[in-house]
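Chain by chain, the residues:
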Amino acid sequence: MVTETMMPVNGIELCVETFGEPGDPALLLIAGATGSMDWWDDEFCRRLAAGGRHVIRYDHRDTGRSTSFPAGDPPYSDVDLAHDALGVLDALGIHQAHLVGLSMGGALAQRIAVERPHRVLSLSLMATSTVPPAYEMSPPALGTDPSPQWSDRRSAVNSIVAAVRRLGGPFTADDPHLRRLAERVFDRTHNMAASQTNHLRCAGGPPVRDRLAEITAPTLILHGTLDPVFPPPHAEALCTEIPGARLVWLEGVGHEFPPSAVWCQVIDEIIDQAGRRTQPA
């Protein structure tokens, strides 16, 4: 069963979609910066749900059908984005969930695990780093074309496809697939300029890197060997600083949502992680 609905969360509205049975353990997917729920592939979500999980994906504020703000000066911080994730769970009446966060979503998941540990059953972090990052990020790899006409469908789609290609690897989906996905993103988004810029400009909250040792949730780190934004040392640092964390390499994967070539590996690891016991406090 799949349902999509608008939910009041923290004074705004977020678009939320669920897969699977509400009675199964909840698994919340937290996308990266500029990423709407569309980037969590429908079939990927269905396969996770088939593994006995109530899968939840949502549009961050300023993406998809969720509340949008004017582009350029977002009136929120990454703390608010983390609270949105918890607010989605609250709106669904869910107290605890397995968190799966990619890139910025991984940073938000870390913040939740540190500041609200009682809400986290397990942690799966993909294509991310410590907060703040353990090493310098790669600026040329970040963001999309700085001068697309975001209101123009063709220009916006071309820019999104080019960005995914630039950050991906040999298993990244082909251009027709990416174009269809980018068109879906464009058609569902209130304000493309805001969706592609505001997350990158929002204020940062208090750093949590010095508190990563407090994380008790079983933690899995999935990281592409070809990630140009967070090269392998970022994943290694994260694994070192979170007690008991497991690091699993995704060979040939860049800075991207899991390409279909590694779905079996990623889904098996996430389902397995969600079944692991919490470490003793």
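Residues numbered from 1 in each chain as written. Predicted model: local features only at pLDDT ≥ 70, side-chain atom pairs only at ≥ 80, totals over all residues. Heavy atoms only, no water.

Notes on unusual backbone geometry
We count it as follows: Each helix corresponds to a stretch of at least 4 residues labelled H or I by DSSP, and each strand to a stretch of at least 2 residues labelled E; elements are numbered beginning at the N terminus.
Following V131, the chain continues to P132 via a peptide bond in cis, the omega torsion being 0 degrees. Locating P132 in the fold gives a position in the loop between β6 (120-126) and α4 (153-167). Located in the positive-phi region is N10, a residue other than glycine, with phi close to 55 degrees. Non-glycine residue T34 carries a positive phi angle of around 70 degrees. Here T34 shows up in the loop between β3 (26-30) and α1 (42-50).

Side note on helix α3 (residues 104-115)
One turn of an α-helix holds 3.6 residues; hence residues three or four places apart share an orientation. Short version of the rule: Under the convention used throughout, the expected extent of a helix is 1.5 Å for every residue step, that is, one less than its residue count. Accessibility here uses a 1.4 Å probe with only protein chains present; expressed as a share of the type maximum, an area under 20% marks a residue as buried, one over 50% as exposed, and anything in between as partly exposed. Contact definition: two residues touch when any of their heavy atoms are within 4.5 Å.
Between the first and last C-alpha of α3 there are 17 Å, a value that for twelve residues agrees with the 16 Å anticipated at 1.5 Å per step. Taken across its twelve residues, α3 has ten buried, putting it largely inside the fold. Those residues of α3 that fall on the buried side of the exposure criterion are M104, G105, G106, L108, A109, Q110, R111, I112, A113 and V114. Elements in contact with the buried residues of α3: β3, α2 (78-91), β5 (97-102), β6, α6 (192-201) and α7 (232-241).

Notes on α7
As a reminder of what qualifies: The arc in question is traced by the directions running from the helix axis to the C-beta atoms.
Those residues of α7 not exposed but buried are H234, A235, A237 and L238. Angular distribution of buried residues about the axis of α7 spans 160 degrees; they occupy a single face of the element. Among the structural elements, α3, β6, β7 (219-224) and β8 (246-250) are those in contact with the buried residues of α7.

Details of the pairing of β7
The side chains of a regular strand alternate between the sheet's two faces. Short version of the rule: DSSP bridges decide pairing: two strands pair if at least two such bridges lie between them. The handedness rule is simple: strands pointing away from the viewer, and a clockwise path from the first strand over the helix to the second, make the crossover right-handed.
Across the six residues of β7, six count as buried, placing the element largely inside the fold. The side-chain alternation of β7 yields two buried faces, one formed by T219, I221 and H223 and the other by L220, L222 and G224. Note: β6 against β7, four bridges, orientation parallel. Directly across from M126, in β7, lies its bridge partner L222. As defined by bridge partners, β7 adjoins β8 across five bridges and the pair is classed as parallel. Within β8, the residue paired with I221 across the bridge is L247. One crossover worth recording links β7 to the parallel β8 by way of α7, and it is right-handed.

Quick look at the packing of aromatic side chains
This is how the line gets drawn: Paired rings are identified among Phe, Tyr and Trp, the last through its six-membered ring, by centres lying within 6.5 Å, and are further divided according to the angle between planes into stacked (under 30 degrees), edge-to-face (over 60) and tilted (the rest). Cation placement over rings: the criterion is NZ of Lys or CZ of Arg within 6 Å of the ring centroid and within 35° of the ring normal.
Within this structure, the stated rule accounts for five aromatic pairs. Here the aromatic rings of W40 and F257 are separated by 4.9 Å at their centres, their planes lie at 90 degrees, and the arrangement is edge-to-face. Of this pair, W40 sits in the loop between β3 and α1 while F257 sits in the loop between β8 and α8 (263-274), and the two are 217 residues apart along the sequence. Across this residue pair, the class does not change: W40 and F257 are buried. Consider the rings of F44 and W263, whose centres lie 5.9 Å apart with planes at 55 degrees: the pair is tilted. Of this pair, F44 sits in helix α1 while W263 sits in helix α8, and the two are 219 residues apart along the sequence. Both residues of the pair, F44 and W263, count as buried. Feature note: the residues W39, W40, F44, F257 and W263 constitute an aromatic cluster, connected by ring pairs. Here the basic side chain of R61 rests over the ring of Y76, its NZ or CZ set 5.0 Å away from the ring centre.

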